[in-house]
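An overview of the molecular structure
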Amino acid sequence: MSISSIDLSQNGDVEHGDPLKTMAEIEDFEFSKLLERPRPLNIERQRSCDEKSLTLSELGIGMSPRLSLRADNSSRLLDHYDSVYSPSRRSVYSPSRRSGFNSPMSQTGFQMHPMVGEAWDALRRSLVYFRGQPVGTIAALDNSDEKLNYDQVFVRDFVPSALAFLMNGEFEIVKNFILKTLRLQSWEKKIDRFHLGEGVMPASFKVLHDPVRNSETLIADFGESAIGRVAPVDSGFWWIILLRAYTKSTGDISLAELPECQKGMRLILSLCLSEGFDTFPTLLCADGCCMIDRRMDVYGYPIEIQALFFMALRSALLLLKQDDEGKEFVERIVKRLHALSYHMRSYYWIDLKQLNDIYRYKTEEYSHTAVNKFNVIPDSLPEWIFDFMPTYGGYFIGNVSPARMDFRWFALGNCIAILSSLATPEQATAIMDLIESRWEELVGEMPLKVCFPAIESHEWRIVTGCDPKNTRWSYHNGGSWPMLLWLLTAACIKTGRPQIARRAIEVAEMRLLKDSWPEYYDGKLGRYIGKQARKNQTWSIAGYLVAKLMLEDPSHLGMVALEEDKQMKPLIKRSSSWTL
C-alpha cells in the first residue's frame, strides 16, 4: 500500500486585503435577534458596526471597486445566506484579541474557569510545525499506547482547534492549514490500483522529518492507510466550512478568492453535485465515511453527512466568485439546496405527531399520491422510540432510504442542522426541547452522546461485525464525546437557550481536566473513561475552549452559524414543540 506524500514549499502566503473592503462590509448583519433573546450571561459585549445592522449605503462602500465582482450578487449575500450573528470585526492588521489566555480575567470581565488556562496550554503543546510554521494540531498527545494515527493532523479534528485560535485572534495557523491541505488535495490519490476523485480532501496528514537530509515532508492519508480503507466524505465539507469561518473571523476575503481556493471548492463540489442514478438529493455514502469512521450501520444517507453537505453548500455559495465557472456552480448549488432542504425537512424529521403517522403507515403504496413513499414497514419501529419521544420535541433521524428509517439520535447531525439552518426555527426549538427532556440519556454525566441508543446483543454482532471497540455504550456506539460540547453550545446560543450549554459545560468541568481530557467516555451516563480512549485528546480540549469562548462572547457564533434562507419556504410551519 502506497502512502501519498508531497514536499511543499513555504511560498504562497496570502497577503491580507484592504481592511476597509472586507467581507464584513458587504453583509447586513441582523444582531437584533440575538440581543432580544434571553441573556443569562452577565457580561458586556464589545460592539462594532456589524452589530448595528448598517446598510451598504450607510457604510459608504456601495460603489467600491472591490465589490464589483459581486455586484450582481449583493442582494443574495445581504438577504439570504449570511446575515446571522457576526463576530466583532477586528482589523487583520490590529493586535490579536486574546480571550482568557494568559489572564485570570477575560476582556469582558467574565471570570474564567481555571480549566481554561490549562486547556490553552494543552492545545499549544499539540501544535504541529512544518518548516517552522504551525500547520495544525496533533490528534492526541497520549503516548501510553500505540500511536496508530493519533500522531497526525486530522481535517475534522482540527476544526474546533482552528475555531479556538480564530476566536483568540490567531489567524496564521488556520491560514496555513487551509493552504497545506489544499495543496494535498491536488496530489495523486491512489489506493491499490484505483484512483480517487480529484476533489477528495485527505483524512489526515503528518510531518515526516528526515534528519539525514535535514528536510521535512508532508505525508497525507486519503483512506489508503485508514482502518477499513474508507475515504472521508466529510473532510471536504469541513474544509469549506472552515474557510468561511476564517473569512468571517478575519473579515478578509483574499484567501477565499485565491484561484487555488476557488478551484479547491469547485473540485469538492464537482464530486458531490454530480448527477447519476440516485433519485434523492441526499448524498449516498459508505459506512465509516465521517466522524463515525467504523462500521455502525450509517451507510446510505447518514444525517451527519447530509447536514454537513447542506452547510458546505451554503458556505460555498458565499465564497465562490461570480466568474463564468463560479456562476455555473452557484446555479447548481441553489437547485440542490432547495431539493435537499425539502427532502430533509419532509422525511428525516420526527416528532410525536410524525411518529404516530408512521405507526399507522400503510405499505405497498404506488404512484405520486403515496404517503409512505419509502415503503417503511410500521413493525420496524424500534420499541425504545415510543418512550424516548417526548410530548414536546423532535429531531432529525439518522438515515432514510427504501424500506429503512434509522431512528437513532445523532448529535453532530442535529447540531449542524441547527447551525446551518437546515432545521427550521420551529425544528431547532424542538431539538433543544428534546435535549432538555432527555437530559439523562443524551447528556448524563459527560456531554454528549454521539448517538442514542446503543446497539446491543445479537444486533451489535451483525451491525458492527463484532467490533470490540464499538461495544454497547462505548466509542461510536452510544459513547459520550466531550468534543461535541462546542457544537451543542453553538446550537444553544443560536436558539436562544444558552442556559442548556452552560449546564452541560458545568457537568464537563467536574471531570474533564481531572481525567486528562479523554477522547470519549463509556456507559449509559458517560461515567467511565473510554476503555480505549486516548488521553489529552486535542479536540476534547479545543471543544471545551470553543464552548467557553462562545458563551463569553456569543458574537463568535457568526463563524459557524448561518441564518435561515428566506427564499427557502419552510415545509413545516408549526411544530408540536414549545419554547420554555
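The following paragraphs examine the structure supplied in this document. (Residues numbered from 1 in each chain as written. Predicted model: local features only at pLDDT ≥ 70, side-chain atom pairs only at ≥ 80, totals over all residues. Heavy atoms only, no water.)

Let's shift gears to the pairing of strand β3 (residues 133-137). Among the 5 residues in β3, 5 count as buried, and that is most of the element. Strand direction decides the pairing type here: strand β2 (residues 127-130) and β3, joined by 4 bridges, are antiparallel. In the sheet register, leucine 127 faces β3, and the bridge partner there is threonine 137. Hairpin geometry of β2 and β3 is characterised by an intervening segment of 2 residues between the two adjacent antiparallel strands and by a positive phi of about 55 degrees at arginine 131. (Buried < 20%, exposed > 50% of the residue type's maximum accessible area, 1.4 Å probe, protein only. Helix = DSSP H or I, 4+ residues; strand = E, 2+ residues; numbered from the N terminus. Pairing = 2+ DSSP bridges.)

Locating serine 254 in the fold gives a position in the loop between α7 (234-250) and α8 (259-272). Serine 254 sits in the buried class, given a relative accessible area of 15%. A polar contact is formed between the side chain of serine 254 and the side chain of aspartate 252, at a distance of 2.7 Å. (Polar contact = N/O pair within 3.5 Å; in protein donor to acceptor, adjacent residues only side chain to side chain.)

For the peptide bond that leads from proline 447 to leucine 448, omega is 5 degrees, which places it in the cis range. Following the sequence through the fold, leucine 448 ends up in the loop between α15 (439-442) and β12 (451-452). Cis rather than trans, the peptide bond between phenylalanine 452 and proline 453 has omega equal to -5 degrees. Relative to the elements of secondary structure, proline 453 occurs in the loop between β12 and α16 (457-464). Although it is not a glycine, glutamate 364 sits at a positive phi angle of roughly 55 degrees. By the element assignment, glutamate 364 lies in the loop between α11 (352-359) and α12 (384-388). For glutamate 364, a relative accessible area of 66% gives the class exposed. A positive phi angle, close to 60 degrees, is found at alanine 403, a residue other than glycine. With respect to the element layout, alanine 403 can be found in the loop between β10 (394-401) and β11 (404-410).

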